[in-house]
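# Observations on chain architecture
Residue strings, one per chain:
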Number of protein chains: 2
Amino acid sequence: MTTTTTPRVLEHPTRDRIRLEEVLHALSDAVRLRIVRELAREETELSCSYFDLPVTKSTTTHHFRVLRESGVIQQTYQGTTKLNCLRRSDLDALFPGLLDSVLAAAGAQAVREEEGARRPGPGGPEGEPA
Amino acid sequence: MTTTTTPRVLEHPTRDRIRLEEVLHALSDAVRLRIVRELAREETELSCSYFDLPVTKSTTTHHFRVLRESGVIQQTYQGTTKLNCLRRSDLDALFPGLLDSVLAAAGAQAVREEEGARRPGPGGPEGEPA
DNA sequence: CTCGTAGTTTGACAGGTGTCGTACTACGAT
DNA sequence: ATCGTAGTACGACACCTGTCAAACTACGAG
């Protein structure tokens, strides 16, 4: 046999074991949200090293694992690189509309933050909260 | 002077300070998700003691505070009780569709879990995850 | 005033989280 | 066989989180 060493298996939860709380928790981190947004934008599989994240390699590994174990992404080895993609069909089947509204919300917030950074006015026109 | 003691102020983030990551984190806990679901079902303001939660009073206080500080709920004192309601308009304006899809997802998952509990079959008809 | 009820505060505690650095493994290319 | 690159594992660390119990505060009723 050619494979005497570890076969490089990656544990993924089956669709029925994906839990909403864990998915929301996975998405509640800025770094992971960024990964998910890029994964959604480019519709192909992306390697971990594709991302330019503000953390070290080991932290990156950690975040990708959280995403995988919560069922948000699917990971497969291709030689020495690991390819990542969103589990769109599973997520859409379990939680219809959730992923899209989170992505839209993240996009909207990113735009809002960019605008806020461009306009250095201190006490801008802020409507009081109801 | 009627108010010599603490005026019982409750800090809420203004709409523009509500952050998606914090909202998702607030919703990623089972107890808090339950609170939010009930708050959405009954459309009126509910007191903290209305909820029958599997935790002590102090833990309940903690969860309500997380929900309030993340901008998910609005709390107001009415005498000795505290009334809670969802900040629907703020959330819908900031993150259109998000709250509804989370609520729908939570509902769907609850149904799925009830069915799973009712059907004690071990390896039931579970579609493999793609 | 006294009491009960609704909720808060504080301190404690076990366990989780995000982060890093360093050492390691797996694979492809030379 | 050797080397470089992509990613992992491990230990460490500060911090956050969910939980509780016990003591406390605020308010309304009697």
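Read on for a plain summary of the structure. (Residues numbered from 1 in each chain as written. Chains lettered and ligands numbered in written order. Predicted model: local features only at pLDDT ≥ 70, side-chain atom pairs only at ≥ 80, totals over all residues. Heavy atoms only, no water.)

### Let's talk about the overall build of chain A
Under the convention used in this document: For helices the rule is a DSSP run of H or I covering at least 4 residues; for strands it is a run of E covering at least 2, with both sets numbered from the N terminus onward. Residue contacts are counted whenever heavy atoms from the two residues lie within 4.5 Å of one another. Using a 1.4 Å probe, the Shrake-Rupley method yields the accessible areas, and only the shown protein chains count as cover for residues.
Secondary structure summary: chain A contains five helices and three strands in total. Taking all contacts inside chain A whose residues are at least 6 apart in sequence as the whole, residues at least 24 apart take part in 64%. Accessible surface computed for chain A: about 7800 Å², of which carbon and sulfur atoms make up 51%.

### Digging into the relation of the copies chain A and chain B
Applicable threshold: Only residues with pLDDT of at least 70 in both copies contribute their C-alpha atoms to the least-squares superposition of the copies.
Once chain A is rotated about the relating axis by 180° and shifted along it by 0.0 Å, it coincides with chain B to within an RMSD of 0.0 Å. Look at the turn and shift together and you get a two-fold axis relating the two. Interface overlap between copies: 100% of the residues of chain A at the interface are likewise at the interface in chain B, consistent with a symmetric, same-surface contact.

### Focus: the pairing of strand β3 (residues 81–86) of chain B
Residues and elements named next belong to chain B. Basically, it comes down to this: Buried residues are those whose accessible area, probed at 1.4 Å on protein chains only, stays under 20% of the maximum for their type, while exposed residues exceed 50% and partly exposed ones sit between those limits. Only strands joined by at least two bridges in the DSSP assignment are considered to pair.
Among the six residues in β3, five count as buried, and that is most of the element. The pairing of strand β1 (residues 46–47) with β3 spans two bridges and is classified as antiparallel. Residue Ser47 lies in a different strand from β3, and its bridge partner there is Leu83. Relative to β3, strand β2 (residues 73–78) is paired through six bridges, and the arrangement is antiparallel. Within β3, the residue paired with Gln75 across the bridge is Asn84. What sits between β2 and β3 in their antiparallel hairpin is a turn of two residues, with Gly79 showing a positive phi close to 65°.

### A word on the packing of helix α1 (residues 20–27) of chain B against helix α3 (residues 57–70) of chain B
Residue and element names in this part refer to chain B. Formally: What counts as an axis is a line fitted to C-alpha atoms, over the stretch in contact for a helix, and the angles between N-to-C directions run from 0 to 180 degrees. To sort the angles, those under 35 degrees are grouped as roughly parallel, those over 145 as roughly antiparallel, those from 65 to 115 as roughly perpendicular, and the leftovers as oblique. When the near helix sits turned anticlockwise from the far one by under a right angle, the crossing is termed left-handed; a clockwise turn instead gives a right-handed crossing. Charged residues are taken to be Asp, Glu, Lys and Arg, nonpolar residues to be Ala, Val, Leu, Ile, Met, Phe, Trp, Tyr, Cys and Pro, and polar residues to be all remaining types, Gly included.
In contact at an axis separation of 9 Å, α1 and α3 are set at 155° when each is read in the N-to-C sense. Judged by the inter-axis angle, α1 sits roughly antiparallel to α3. Considering only the axes of α1 and α3, their crossing is left-handed. Residues Glu22, Val23 and Ala26 of α1 lie in contact with α3, whose contacting residues are Val66, Leu67, Glu69 and Ser70. Residues of the contact of α1 with α3, tallied by class, amount to four nonpolar, one polar and two charged.

### Here we look at the protein's contact with DNA strand C
Rules: Put simply, a residue is near a molecule or strand once any heavy atom of it comes within 4 Å of that molecule or strand. Whenever two N or O atoms come within 3.5 Å, that pair is a polar contact, provided that in protein one can donate a hydrogen and the other can accept it, and provided that, for residues adjacent in sequence, both atoms are side-chain atoms.
Neighbouring DNA strand C are 24 residues, the closest being Thr56(A), His63(A), Lys57(B), Thr61(B) and Lys82(B). Looking at DNA strand C alone, sugar and phosphate atoms form 69% of those within 4 Å of the protein. The contact in question runs from a phosphate oxygen of DNA strand C to an N or O atom on the backbone of Ser49(B), over 3.0 Å. One of the side-chain nitrogen or oxygen atoms of Thr61(B) is found 2.8 Å away from a phosphate oxygen of DNA strand C. Sorting the residues of the surface near DNA strand C by element identifies α3 (57–70) of chain A together with α3 and β3 of chain B as the ones contributing at least two each. A per-class count over the surface near DNA strand C returns three nonpolar, 15 polar and six charged.

### Observations regarding helix α1 (residues 20–27) of chain A
Helical geometry: 3.6 residues make up each α-helical turn, so side chains three or four residues apart lie on a common side. By the criterion of burial, α1(A) is predominantly enclosed, with six of the eight residues buried. Listed as buried for α1(A) are Leu20(A), Glu21(A), Val23(A), Leu24(A), Ala26(A) and Leu27(A).

### Some points on the side chain of Arg68(B)
Residue and element names in this part refer to chain B. What counts here: A residue counts as positive if it is Lys or Arg and as negative if it is Asp or Glu; His and the chain ends are not included. When a carboxyl oxygen of Asp or Glu lies within 4 Å of a side-chain nitrogen of Lys or Arg, that pair is called a salt bridge.
Looking at where Arg68 falls in the secondary structure, it is placed in helix α3. No salt bridge is formed by the buried Arg68. Its closest oppositely charged neighbour is Glu69, at 4.7 Å. Aside from chain neighbours lying at most four places away, what touches Arg68 is Leu10, Glu11, His12, Pro13, Ile73 and Gln75.

### Concerning the sheet that holds β2(B)
Residue and element names in this part refer to chain B. In spatial order, the strands read β1-β3-β2; together these three strands make up an open sheet with antiparallel pairing. The open sheet has two edge strands, β1 and β2, and neither has a second partner. Its contacts with the sheet place α3 against β2 and β3, and it is angled at close to 120° to β2.

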